[in-house]
Protein chains: 2
Amino acid sequence: MAKWIWKFGEFEAYHNLILHDRRQQYGCPEPVVWKMYAPEPVVIFQKKVTTPGGIFHIHACGHVSTSVQTGPNPWEVKKFGGKTDILLEAGTVTIQIRVSNLKTFPSIYVDGVIESDESWEADDLSMHFEPVGVSDLFVDREKTPEIFPFSYRPISYINKEKAGKGVLFDYGKETFAAVRLYHLGDKKVRVNFGESREEALDDEWSVIHFVQEPKEGELSYPPCAFRYVYVSDEKAEAEAKYEYLPLAYRGSFQCEDELINRVWDAAAYTFHLNSREFFLDGIKRDRWVWSADAYQSLFVNRYLFLDQEIEKRTLTALGGKAPFKRHINTIMDYTFFWMIGVKEYYQTYGDRKFVRQILPQMKEVVAFCEGRESSDGFMREKPGDWIFIDWAPMDKEGALCGEQILYAKALECYGELLKAAQSLSIGEEYLQKAQRLYKLIMEKFYDKEKEVFIDSYESGRRSVTRHSNILAYLFLPCSKKQKKDIYEKVILNEEVRQITTPYFKFYENQVHCLEGNGTLLEESIRQYYGSMLETGATTLYEEYDPDMTGTEHYAMYGNPYEKSLCHAWSASPIYLLGAFRLGVQNTRVAYETFDVRPDLGDLKSFSGKVPVPGGEVEVIANEKEIRVWTDISGGTLWVNGKAHRLPAGKETVVKTR
Amino acid sequence: MAKWIWKFGEFEAYHNLILHDRRQQYGCPEPVVWKMYAPEPVVIFQKKVTTPGGIFHIHACGHVSTSVQTGPNPWEVKKFGGKTDILLEAGTVTIQIRVSNLKTFPSIYVDGVIESDESWEADDLSMHFEPVGVSDLFVDREKTPEIFPFSYRPISYINKEKAGKGVLFDYGKETFAAVRLYHLGDKKVRVNFGESREEALDDEWSVIHFVQEPKEGELSYPPCAFRYVYVSDEKAEAEAKYEYLPLAYRGSFQCEDELINRVWDAAAYTFHLNSREFFLDGIKRDRWVWSADAYQSLFVNRYLFLDQEIEKRTLTALGGKAPFKRHINTIMDYTFFWMIGVKEYYQTYGDRKFVRQILPQMKEVVAFCEGRESSDGFMREKPGDWIFIDWAPMDKEGALCGEQILYAKALECYGELLKAAQSLSIGEEYLQKAQRLYKLIMEKFYDKEKEVFIDSYESGRRSVTRHSNILAYLFLPCSKKQKKDIYEKVILNEEVRQITTPYFKFYENQVHCLEGNGTLLEESIRQYYGSMLETGATTLYEEYDPDMTGTEHYAMYGNPYEKSLCHAWSASPIYLLGAFRLGVQNTRVAYETFDVRPDLGDLKSFSGKVPVPGGEVEVIANEKEIRVWTDISGGTLWVNGKAHRLPAGKETVVKTR
């Protein structure tokens with residue numbers, strides 16, 4: 001079957017570029033704050049084919065010129081210039097189709113006696129032919145990869161009321177839609193979009209607002225995030241089209257606690273709104289692709305959509321292009337999370353082909369990192385680096401513990417990916433390098449007196465944070481004792497400053513769950529997300545403090561409505577409930593083997609599904625029994641320490657009492 | 001004075017890109033055949049300023065976001081978002097203006113209390129702030145660098161006649177113009193542009209032709225090259241606007257031989273048509289930027305326009321961007337000519353600032369070359385390399401002599417440029433490397449028996465061509481004896497296959513002139529270019545064979561009209577007459593010192609001007625006396641081996657008999 005093809009990475013480079021140029025802030029577009037990579041303007045597509053002869057047709061985004069090499073000598077070339085219907089004689093020839101496209105990016109669709117598909121190669125005229133990029137989204141000749149194929153559905157406001165000099169439309173919940181206003185007069189109209197009512201009514205501080213003159217009584221806006229729309233013309237009428245990626249909700253979770261069910265639903269909707277061309281951070285403000293946010297989205301996706309394509313697109317876009325001269329999103333840890341994320345992708349889908357396609361870019365990134373190592377192998381801040389880890393006080397003097405842990409882990413992942421792609425000896429080198437770094441981290445950052453990890457060994461302050469210890473717990477080869485110490489001396493220690501962001505709660509909750517701390521997950525979900533919903537949230541916020549009231553909830557970064565009220569990283573309950581309550585976890589590559597370890601936590605019963613490559617796993621549990629259905633083999637159900645092999649296509653029932 | 005500013009190189013990258021996407025061939029656009037480099041989509045402009053306070057205004061190509069750093073700490077930043085009128089308080093601050101532009105390239109113009117100019121820096125968010133690019137062409141706020149500022153002048157056809165089913169317009173001479181047709185019917189119209197009458201009348205083989213339906217009786221075309229336009233509608237009327245770069249003809253040459261004067265004029269017009277955004281090869285077919293063609297244009301420009309800006313633009317565009325992965329224009333020798341060309345530029349203008357700006361790209365190119373050296377230091381063919389030198393048979397087995405000569409010279413030039421930019425020790429390294437390579441070339445390619453250079457020492461064939469020996473003469477540190485041998489045993493040896501391209505005639509004629517071979521230059525000009533004009537040429541052809549007749553003159557590359565009838569490399573008489581008849585030659589950097597060595601050749605008298613930085617040098621000579629006027633000091637007039645110092649602003653007269 002013919003497909004649209006492009007030079008690998010260019011589809012993502014192009015859509016990443018336009019995506020990052022769409023931010024609106026206080027009436028103006030707001031350019032992105034990190035390095036962007038433009039698509040290649042000219043690409044050659046190539047394939048050696050053997051045919052009985054016949055015509056092929058070229059459909060292109062761009063200008064084309066085709067040549068057919070009929071023999072090994074330079075002069076055995078037939079040139080067809082810009083012709084797009086080309087007659088091949090019987091035999092074996094090499095087709096080269098050169099395409100220029102300065103507006104979007106070069107891509108082609110070939111049908112007839114030969115067809116474009118993943119067996120073609122592409123080169124940006126630098127003599128590095130590599131397998132092309134393709135996507136299941138682009139198999140229709142009429143739907144070019146220049147336009148991202150979102151779905152659209154009309155939505156209606158649930159309330160319209162007079163407000164100020166105009167009207168306020170309420171769409172009932174957070175959405176992402178293209179709005180058309182009509183019945184407008186001919187004067188300039190102010191339009192404020194708001195995630196909250198207050199935001200929509202604030203002319204100055206609504207993040208997305210426009211002041212424009214209607215044309216023939218109408219104004220239209222590109223899709224953006226809102227629940228409320230204020231229009232300064234009281235005769236205004238509005239219609240809206242919800243724009244979304246049609247992803248199937250393959251994962252599910254229900255229990256007897258309706259609040260937890262509501263959180264799960266809100267998390268799923270929040271995550272869906274943020275799952276578009278790529279995994280976005282939030283749907284209103286940045287709408288950008290942040291590497292560590294995307295890393296967490298990999299885990300949520302695995303328990304909700306298991307959409308492999310969005311993971312590939314996101315990882316490809318984040319990797320950028322050569323020359324790679326600055327950390328992803330400018331943040332050191334985010335570069336490392338990207339590398340770990342590629343390994344997570346491989347682990348989930350076992351997709352060696354993608355690993356081979358993205359490895360050249362990883363090589364660039366690793367070379368960049370290695371060029372910035374201190375002589376001891378640690379990564380210290382250089383001009384332009386943002387040493388982030390989290391919004392939290394940390395002792396960042398000298399080498400920061402968390403960065404070293406993530407760097408070592410990233411190198412280990414790189415080594416494993418190289419080995420998966422058959423670069424055995426280089427892979428082994430990086431595994432060894434990671435091991436050396438692990439050892440050095442243990443030596444320098446593990447405080448033998450405190451028996452936990454310290455942020456900085458160079459400052460002499462020996463300060464202990466949850467962050468360094470959570471990262472050590474999750475990414476370092478810690479001993480059982482070290483893990484227990486971390487859990488008891490740091491995580492359960494109220495004197496150690498609490499995590500305040502849902503971003504890092506994701507990791508902390510993993511630790512709780514890994515430690516088997518029975519009821520903390522439900523408690524945390526109820527307290528944090530449950531109370532968020534009780535303030536009227538329809539999607540999950542970037543950050544939330546139960547002690548705040550009213551519009552306090554909407555403020556962030558020093559501005560009254562800059563908080564994102566629909567933020568992907570808050571969708572972690574989907575992952576946590578799937579992985580630690582339904583308990584389905586991949587244990588090898590691509591669920592070749594997997595565990596099911598149902599854990600009721602403080603619930604009495606639950607049922608739910610986890611999508612897996614090739615099907616799904618359904619888990620139903622109550623205080624008496626556990627029922628598991630799986631479409632695929634390789635599963636092991638663990639109940640009270642006992643293993644039960646899970647046959648495919650059959651229900652397994654285990655009594656627990 | 002405020003100017004438009006951009007990240008250095010991006011203006012050229014953008015215009016180079018659109019220029020290379022404009023080729024038309026047999027009714028279709030024809031994409032370029034070498035690697036193109038896209039502009040950076042997002043750039044930060046930065047300057048530290050001290051002001052008494054006041055407003056500044058930002059005019060941008062793209063979306064902007066401005067921040068003002070008021071102190072050394074990260075939080076001492078005022079963010080102005082997309083505001084373009086910004087109030088500064090008195091004091092010292094660092095302004096950062098971030099600009100995104102996905103359609104063209106980011107650039108800004110700032111006026112008010114601060115102004116944008118060459119003192120600003122730019123960075124593509126990779127933390128490499130470098131001085132911005134500017135141009136004298138863009139000092140007007142209303143004229144953005146997105147549009148190249150050509151001049152336009154209406155031109156009229158000199159004849160209109162019925163031809164076939166339509167009409168043929170004759171504009172009297174080769175031109176480059178935008179044509180608008182009107183009084184057309186509503187049926188599809190065929191329009192053929194032709195450099196020759198025959199081409200315009202050939203529906204199949206006219207290189208630039210269109211078949212389109214008129215809109216309201218009209219059709220318009222982007223500027224292209226032609227003398228004739230055929231329109232298949234006999235009611236058609238045409239108007240045309242000549243598009244050109246308004247360059248002053250500062251050089252001149254007149255003598256008593258009207259044919260030579262006509263050749264000079266045709267060469268000047270030919271060269272002017274090809275001097276646009278950059279130096280082009282020819283104005284009809286490719287309209288691309290070829291490095292070695294451009295290299296020769298540097299010399300012609302020096303004796304006609306002395307336009308520094310077009311040299312900078314051309315060299316910048318050719319250098320491409322990182323990652324540099326393939327030879328310029330795919331041709332190994334063209335990469336070397338680019339490097340030598342940058343040195344030529346420095347030699348002519350003494351512009352250290354430009355050298356410093358282009359050195360990072362040269363570094364990339366040199367690293368690319370060094371990565372491809374064989375273990376002996378020679379450059380041998382790698383996949384994708386075009387080993388060109390000239391359209392001529394040559395023994396290209398193993399290392400080719402000409403490539404090694406040019407590589408050594410290019411490294412020497414790189415070393416000298418590094419030293420000019422104060423990178424003394426690295427510069428010295430490259431000078432030494434060049435010396436080592438020169439020595440190795442002498443050792444391997446100089447045939448002691450034949451006493452000249454051979455193409456290949458690896459094939460065992462010891463074949464001798466003009467090419468290798470001309471390049472050795474011009475670029476190697478040959479001894480006097482070696483030069484004399486080359487001249488006598490190769491250049492004057494009719495048994496050695498002749499040069500057939502004006503491209504390489506440029507170098508061969510230099511050798512003749514350097515050997516002081518009295519009348520050859522005039523003879524060659526009359527025979528080759530003079531007879532070209534006598535066949536009706538109004539501009540100088542890419543190639544010319546006096547033995548051909550009729551339309552044979554127009555054929556090339558296997559197609560009947562693919563020859564370029566207006567080709568820059570044929571303008572060399574301007575350089576040769578200026579440098580070796582008027583005899584004005586720069587002898588240090590930027591004409592700090594220069595020689596005037598008038599040589600009548602086989603002429604009785606001539607007068608002419610050569611532009612120099614800061615003025616011009618006028619030379620009038622006949623068989624009795626030489627008169628020289630110079631605006632600048634540093635000149636030495638050489639007559640019969642005797643030196644006469646040339647005072648500035650005064651005429652010097654020397655009797656020769």
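Provided above is the structure to which this section pertains.
If you're wondering where the values come from, they're calculated on a predicted model, not measured in any experiment.

1. Some thoughts on the packing of helix 12 (residues 502-514) of chain B against helix 13 (residues 520-534) of chain B
Residues and elements named next belong to chain B. Interaxial distance between helix 12 and helix 13 falls to 10 Å at its minimum, and their mutual angle equals 160 degrees. Judged on the interaxial angle alone, helix 13 and helix 12 are roughly antiparallel. Seen from helix 12, the contacting residues are P502, N509, H512 and C513; seen from helix 13, they are L520, L521, S524, Y528 and Y529. Tallied by class, the residues present in the contact of helix 12 with helix 13 amount to six nonpolar, three polar and no charged.

2. Description of empty space enclosed by the protein
All names here are of chain A. One pass over the structure, following the stated rule, counts seven cavities of 30 Å³ or more. Approximately 140 Å³ is the volume attributed to the largest cavity. Along the wall of the largest cavity there are 15 residues; nearest its centre are W34, K35, Y37, L318 and I328.

3. Things to note about the sheet that holds strand 30 (residues 642-646) of chain A
Sheet strands pair by backbone hydrogen bonding; their relative direction is either parallel or antiparallel. Residue and element names in this part refer to chain A. Read across the open sheet, the four strands follow the order 24-25-29-30; overall the sheet is mixed. The strands lining the two open edges of the sheet, one partner per strand, are strand 24 (584-586) and strand 30. Here the strands of the sheet are splayed against their neighbours by 25 degrees on average, with no regard to which way each runs. Summarising the sheet, strand 25 (residues 594-596) and strand 29 (residues 635-639) pair through three bridges and their orientation is parallel.

4. Overview of the packing of aromatic side chains
Residue and element names in this part refer to chain A. For the structure on display, the rule yields 120 aromatic pairs over all chains. Ring centres of F271 and F305 lie 5.8 Å apart, and the angle between their planes is 20 degrees; on these two criteria the pair is classed as stacked. Of this pair, F271 sits in helix 3 (residues 258-273) while F305 sits in the loop between helix 4 (291-304) and helix 5 (308-319), placing them 34 residues apart in sequence. The same class applies to F271 and to F305, which are both buried.

5. Section: the interface of chain A and chain B
Between chain A and chain B, the contact holds 37 residues from the first and 37 residues from the second. Together, the buried faces of chain A and chain B total about 3,200 Å²; carbon and sulfur atoms form 63% of this surface. Three residues, A:K35, A:L102 and A:L125, lead the burial of chain A against chain B; their summed loss comes to 17% of the area buried on that side. The interface formed by chain A and chain B contains six salt bridges. Between B:K35 and A:D124 there is a salt bridge whose closest N-O contact spans 3.0 Å. Counting the contacts that link chain A with chain B gives 17 residue pairs in polar contact (both at pLDDT 80 or more). Contributions of two or more residues to the side of chain A that touches chain B are made by helix 1 (10-19), strand 3 (28-29), strand 6 (63-69) and strand 9 (91-100) of chain A. For the side of chain A that touches chain B, the per-class residue count stands at 20 nonpolar, eight polar and nine charged.

Parameters and conventions
- Residues numbered from 1 in each chain as written.
- Chains lettered and ligands numbered in written order.
- Predicted model: local features only at pLDDT ≥ 70, side-chain atom pairs only at ≥ 80, totals over all residues.
- Heavy atoms only, no water.
- Axes fitted to C-alpha atoms, helices over the stretch in contact; angles between N-to-C directions.
- Helix = DSSP H or I, 4+ residues; strand = E, 2+ residues; numbered from the N terminus.
- Parallel < 35°, antiparallel > 145°, perpendicular 65-115°, else oblique.
- Contact = heavy atoms within 4.5 Å.
- Nonpolar A, V, L, I, M, F, W, Y, C, P; charged D, E, K, R; others polar.
- 1 Å grid on protein atoms, 1.4 Å probe; cavity = no way out; pocket = protein on both sides within 12 Å on 5 of 7 lines; lining within 4 Å.
- Points joined across faces, edges and corners; volume = space filled by probe spheres on them.
- Pairing = 2+ DSSP bridges.
- Phe/Tyr/Trp six-rings, centres within 6.5 Å; stacked < 30°, edge-to-face > 60°.
- Buried < 20%, exposed > 50% of the residue type's maximum accessible area, 1.4 Å probe, protein only.
- Buried area = accessible area lost by both parts, 1.4 Å probe.
- Salt bridge = Lys/Arg side-chain N within 4 Å of Asp/Glu carboxyl O.
- Polar contact = N/O pair within 3.5 Å; in protein donor to acceptor, adjacent residues only side chain to side chain.

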